[in-house]
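The residues making up each chain are set out below.
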Amino acid sequence: MSSSSALSRGGSPPDGEDFVLGIDFGGTKVALAVARRTGEILARDRLATAARHGAEQVVQRVLAAAGRLISRGELLSGGSCAAVGAVSPGIVLPDRILLAPNVPGWGDLHLAELLSDGLGRLPVAVGTDTKAGALAEWRWGSLAGADPAIFVSLGTGVAAAFVAGGRVLKGAHGAAGEIGYNLRRTEAGGRASGAPLEEYAGGRALGLRGGALLGHPITAEELFRVAGNDGRAAELVTKALDELAVHVANLAVAIDPARIAVGGGMMGSAEMILPALGRRLQQAVPFPPDLVPARFVLDAPLRGAIALAADACGTHKQPAGR
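Now for a description of the structure that goes with this document. Computed from a predicted structure; not experimentally measured.

### Things to note about the overall build of the chain
Here comes step 1: In terms of regular secondary structure, the chain is built from nine helices and 13 strands.
Here comes step 2: The C-alpha atoms of the chain give a radius of gyration of 20 Å, which matches the 20 Å a tight globule of 322 residues would have.
Here comes step 3: The principal-axis extent of the C-alpha atoms belonging to the chain is close to 55 × 45 × 40 Å.
Here comes step 4: A total of 322 residues make up the chain; the buried ones form 52% of that total.
Here comes step 5: The long-range fraction of contacts in the chain, counting pairs at least 24 apart against all pairs at least 6 apart in sequence, stands at 66%.

This is the structure:
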C-alpha cells in the first residue's frame with residue numbers, strides 16, 4: 001500500500017487558527033492527521049509500515065507524508081502547525097523504544113528527535129499508543145467524566161491504560177497496563193517468556209491459531225465471522241474471550257473504575273466481545289463498572305497523538321459543549 005491517493009477533508013473554511021499533527025506508528029500501518037486542538041480532524045493520510053524493510057524507511061516516508069499533510073492543514077485552517085504528537089506500540093522513551101514492535105531497528109530510534117529534525121524543529125511529544133488512546137477517550141470520547149477509568153485495546157495485541165484525576169498512569173518504567181504480559185496460569189513459574197495473554201488472545205495470535213485449526217490462512221476478523229457457523233472456530237473464540245474477560249474483570253477489581261471503554265481492531269466483533277466481558281464483570285466484580293465501546297474504536301491512538309500534540313502547545317481546548 002502506498003500513501004492514500006486522496007486525503008480526507010473536514011473542518012471549516014480557513015480561520016487562521018494554528019493546528020497540530022498526530023502520527024500513529026503501527027506494526028502494519030501508519031496513520032497521520034492534522035487537527036484543531038479540540039481534536040477535530042482537518043485531513044488525514046495512511047501509509048503501509050513495510051516493516052520488513054526496517055525502521056529508517058518508515059520514518060523517512062512518514063516525514064514526507066507529514067510535510068504534505070501539514071501543507072494541507074495550512075490551506076484548510078489558515079494557520080500553521082504548532083506541534084506534533086507521535087505514538088507507537090512499546091514503551092516510547094526519548095532515546096529508544098522498549099518492548100518495541102516487530103520492525104527491525106525500531107527499538108533504537110530517537111523518535112522525537114528524528115521527527116523534530118525532519119519537520120523544521122517543531123515541538124514533538126511522544127508516547128505509547130494505548131495510553132494515548134486512553135487520553136483521547138477521556139478528553140473527547142467514551143471515558144469523559146469517568147474517574148477512575150480504564151481503556152482496553154483489543155487489536156493485534158492486547159493492552160490497557162488507566163486514567164485517574166485526568167492523568168494517564170505511566171508506571172515506574174512506563175509499562176503500566178501492558179496486560180499482554182499477564183500470566184495465564186500459576187504453573188508459569190518465574191518470569192514468563194514472551195507475552196502470554198497477547199500470544200493467546202490477541203488478534204494476531206487468534207488469526208494464527210484459527211488458520212492452524214481450519215487449515216487455511218485467516219484473520220481474527222474472519223475467525224469471528226466464521227464462528228457463527230463453525231463449531232471449532234466458535235470454541236476457539238469463546239475460550240479466548242473467556243480468558244480476556246477474566247483479565248478485564250481482575251483489572252476492575254484492582255482499580256474500581258467508574259467506566260471501561262473497549263477499542264481496537266477486534267471491536268469489529270463488538271456484538272460478541274462486549275457481552276462476554278460484561279457477563280464476567282457482572283459476575284465477579286463487587287462494583288461492576290459501566291462497560292462501553294470506545295468512541296474512537298479504530299483510531300484512538302491517532303486521536304491520542306493529537307491530544308499529546310495539543311498539550312505540547314502549552315494548552316488544549318475542549319470542543320464546544322464538552
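Okay, back to it.
### Describing the packing of aromatic side chains
Here comes step 1: Per the stated rule, a full pass over the model turns up one aromatic pair.
Here comes step 2: Positioned above the aromatic ring of Trp140, the side-chain terminus of Arg139 is 5.9 Å from the ring centre.
Here comes step 3: Here the basic side chain of Arg184 rests over the ring of Tyr200, its NZ or CZ set 3.7 Å away from the ring centre.

### Here we look at the sheet that holds strand E9 (residues 149-154)
In any sheet, the strands associate via hydrogen bonds between backbone groups, in a parallel or an antiparallel arrangement.
Here comes step 1: Spatially, E11-E10-E9-E12-E13 is the arrangement adopted by the five strands of the open sheet, whose pairing is mixed. Taken across any chain shown, the strands that pair with only one partner, and hence form the sheet edges, are strand E11 (167-168) and strand E13 (290-293).
Here comes step 2: Contacting E9, strand E10 (158-164) and strand E12 (259-263), helix H7 (residues 231-255) crosses the sheet at an angle of about 160 degrees to E9.

### With respect to the side chain of Thr49
Here comes step 1: Within the element layout of this structure, Thr49 appears in the loop between strand E4 (41-48) and helix H1 (55-77).
Here comes step 2: In this structure Thr49 comes out as buried when scored by relative accessible area, which is 1%.
Here comes step 3: A polar contact of 2.9 Å, which involves the side chain of Thr49, links it to the backbone oxygen of Gly26.
Here comes step 4: In contact with Thr49, other than residues within four places in its own chain, are Gly26, Gly27, Thr28, Lys29, Val30, Gln57, Val58, Arg61 and Val103.

Cut-offs and rules
Residues numbered from 1 in each chain as written. Predicted model: local features only at pLDDT ≥ 70, side-chain atom pairs only at ≥ 80, totals over all residues. Heavy atoms only, no water. Helix = DSSP H or I, 4+ residues; strand = E, 2+ residues; numbered from the N terminus. Rg over C-alpha atoms; globule rule 2.2 N^0.38 Å. Buried < 20%, exposed > 50% of the residue type's maximum accessible area, 1.4 Å probe, protein only. Contact = heavy atoms within 4.5 Å. Phe/Tyr/Trp six-rings, centres within 6.5 Å; stacked < 30°, edge-to-face > 60°. Lys NZ or Arg CZ within 6 Å of the ring centre and 35° of its normal. Pairing = 2+ DSSP bridges. Axes fitted to C-alpha atoms, helices over the stretch in contact; angles between N-to-C directions. Polar contact = N/O pair within 3.5 Å; in protein donor to acceptor, adjacent residues only side chain to side chain.

Read these as geometric descriptors, not functional statements.
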